[in-house]
Amino acid sequence: MRFSPTTLCSRRDLLISVAACALALPLASRGASAPSISAKLLDGREFSTDQARGKVLLVNFWATWCGPCRAEMPEIEAYYLQHREQGLRVLALSVDELADEPKVREAAKPFSFDVAMVKSSKVSGLGRIWRMPVSAVIDRDGHLVKQDWFVEPKLDAAALDSVIKPLL
């Protein structure tokens with residue numbers, strides 16, 4: 001069988017799609033649209049990815065019982081404080097049970113970024129969360145730029161700079 005450039009592109013697209021589905025990942029490298037998130041923040045305000053357009057959005061999934069999650073949150077806070085004037089926004093979605101909201105509130109007290117409970121939020125387009133902590137970055141135009149479901153062991157200033165700084 002003879003392949004034309006169009007056929008190869010189609011096969012490549014098919015393989016990427018199949019691999020992404022198998023891993024439950026969006027096609028971030030292809031400029032996929034941002035996931036849709038709507039949430040009621042712990043402070044009572046409403047959040048949506050639509051209202052975050054024009055900002056670079058870091059979405060972080062965490063839990064009070066997750067040691068690595070809690071360890072990276074001060075790094076996220078410091079980075080957020082340093083870059084929020086440049087257009088960075090952070091949404092931390094706790095995967096704790098709704099009954100544990102008081103624990104979540106207590107753990108989130110030191111942080112100024114937005115926090116919500118994932119179980120009282122609507123999140124689509126991110127696939128399944130199979131490990132934590134895990135984060136995604138959405139650019140100002142609403143495109144998923146980076147989703148580190150299995151790549152980054154921990155977020156720190158260097159890891160955040162490598163993805164977020166060029167977008168600010």
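How each quantity is defined
Residues numbered from 1 in each chain as written. Predicted model: local features only at pLDDT ≥ 70, side-chain atom pairs only at ≥ 80, totals over all residues. Heavy atoms only, no water. Helix = DSSP H or I, 4+ residues; strand = E, 2+ residues; numbered from the N terminus. Buried < 20%, exposed > 50% of the residue type's maximum accessible area, 1.4 Å probe, protein only. Contact = heavy atoms within 4.5 Å. Areas by Shrake-Rupley, 256 points an atom, 1.4 Å probe, with all protein chains shown as cover. Expected span 1.5 Å × (residues − 1). Bend = angle between axes of the 7 residues up to and from the residue. Disulfide = S-S within 2.5 Å. Pairing = 2+ DSSP bridges. Axes fitted to C-alpha atoms, helices over the stretch in contact; angles between N-to-C directions. Parallel < 35°, antiparallel > 145°, perpendicular 65-115°, else oblique. Left-handed = near helix turned anticlockwise from the far one by under 90°. Nonpolar A, V, L, I, M, F, W, Y, C, P; charged D, E, K, R; others polar. Core = buried A, V, L, I, M, F, W, Y, C linked by side-chain atoms within 4.5 Å.

J.: Whenever I open this one, the overall build of the chain confuses me. Can you help?
T.: Along the backbone of the chain there are four helices and eight strands. Listing each helix as α and each strand as β along the chain from the N terminus yields α-β-β-β-α-β-α-β-β-β-β-α. For the chain, the residues scored as buried account for 41% of the 168 residues in total. For the chain, restricting intrachain contacts to residue pairs at least 6 apart in sequence, the fraction spanning at least 24 positions comes to 68%. Total accessible area on the chain stands at roughly 9,100 Å², and carbon and sulfur atoms take up 55% of it.

J.: Looking at this model, I keep getting lost on helix 2 (residues 67-83). Mind explaining?
T.: Helical periodicity: at 3.6 residues per turn, an α-helix aligns residues three or four positions apart in one direction. Taking 1.5 Å per residue, 17 residues should reach 24 Å; helix 2 reaches 25 Å between its end C-alpha atoms and fits that length. Along its length, helix 2 shows its largest kink, about 25°, at methionine 73, and proline proline 74 lies within four residues downstream of that point. Turning to helix 2, its buried residues number three or more, namely Cys69, Glu72, Met73, Ile76, Glu77, Tyr79, Tyr80 and His83. In this structure, the buried residues of helix 2 make contact with strand 3 (56-62), strand 4 (88-94), strand 7 (134-138) and helix 4 (157-164).

J.: Help me out: how do you make sense of the state of the cysteines in this one?
T.: In protein structure, a disulfide is the covalent linkage between the sulfur atoms of two cysteines. Considering all chains together, one arrives at one disulfide under this definition. Bridging cysteine 66 to cysteine 69, the disulfide has an S-S length of 2.3 Å. One disulfide, between cysteine 66 and cysteine 69, carries an S-S torsion of 75° and so falls in the right-handed class. Of the two residues examined, cysteine 66 and cysteine 69, each falls in the buried class.

J.: I'm lost on the sheet that holds strand 2 (residues 46-48) in this one. Help?
T.: Hydrogen bonds between backbone atoms are what pair the strands of a sheet, whose relative direction is either parallel or antiparallel. Spatially, three strands are ordered 2-1-6 in an open sheet, and the strand pairing comes out antiparallel. Every interior strand has two partners, whereas the edge strands, strand 2 and strand 6 (122-124), have only one. When the angles between neighbouring strand axes are averaged without regard to direction, this sheet yields 10°.

J.: Where do I start with the environment of leucine 42 in this structure?
T.: Among the secondary structure elements, leucine 42 is positioned in the loop between strand 1 (36-40) and strand 2. Separated by 75 residues in sequence, leucine 42 and methionine 117 have C-alpha atoms that sit 7.6 Å apart. For leucine 42, the contacting residues outside a window of four places in its chain are Glu101, Val104, Arg105, Ala108, Val115, Ala116 and Met117.

J.: Even after reading the chapter, I still don't get the packing of helix 2 against helix 4, so can you show me in this structure?
T.: Two packed helices can be described by the angle between their axes and the distance between those axes. Between helix 2 and helix 4, the shortest axis-to-axis distance is 10 Å and the interhelical angle comes to 45°. Here helix 2 is positioned oblique relative to helix 4, judged by the angle of their axes. As helix 2 runs across helix 4, the sense of the crossing is right-handed. Listed contacts from helix 4 to Glu75, Tyr79 and His83 of helix 2 are Ala157, Leu160, Asp161 and Ile164. Residue classes in the contact of helix 2 with helix 4 are distributed as four nonpolar, one polar and two charged.

J.: Please clarify how the nonpolar core should be interpreted in this entry.
T.: In terms of nonpolar packing, the biggest core is built from 45 residues, with Leu58, Trp62, Leu91, Leu93, Phe113, Val115 and Ile164 touching the most fellow members. Counting only elements with at least two residues in this core, the list comes to strand 1, strand 3, helix 2, strand 4, helix 3 (101-108), strand 5 (114-117), strand 7 and helix 4. For this core, the element with the most residues is strand 3, which contributes six residues. If sequence neighbours within four positions are ignored, leucine 93 has contacts with Ile37, Val59, Asn60, Phe61, Trp62, Ala116, Val118, Ser121 and Val123.

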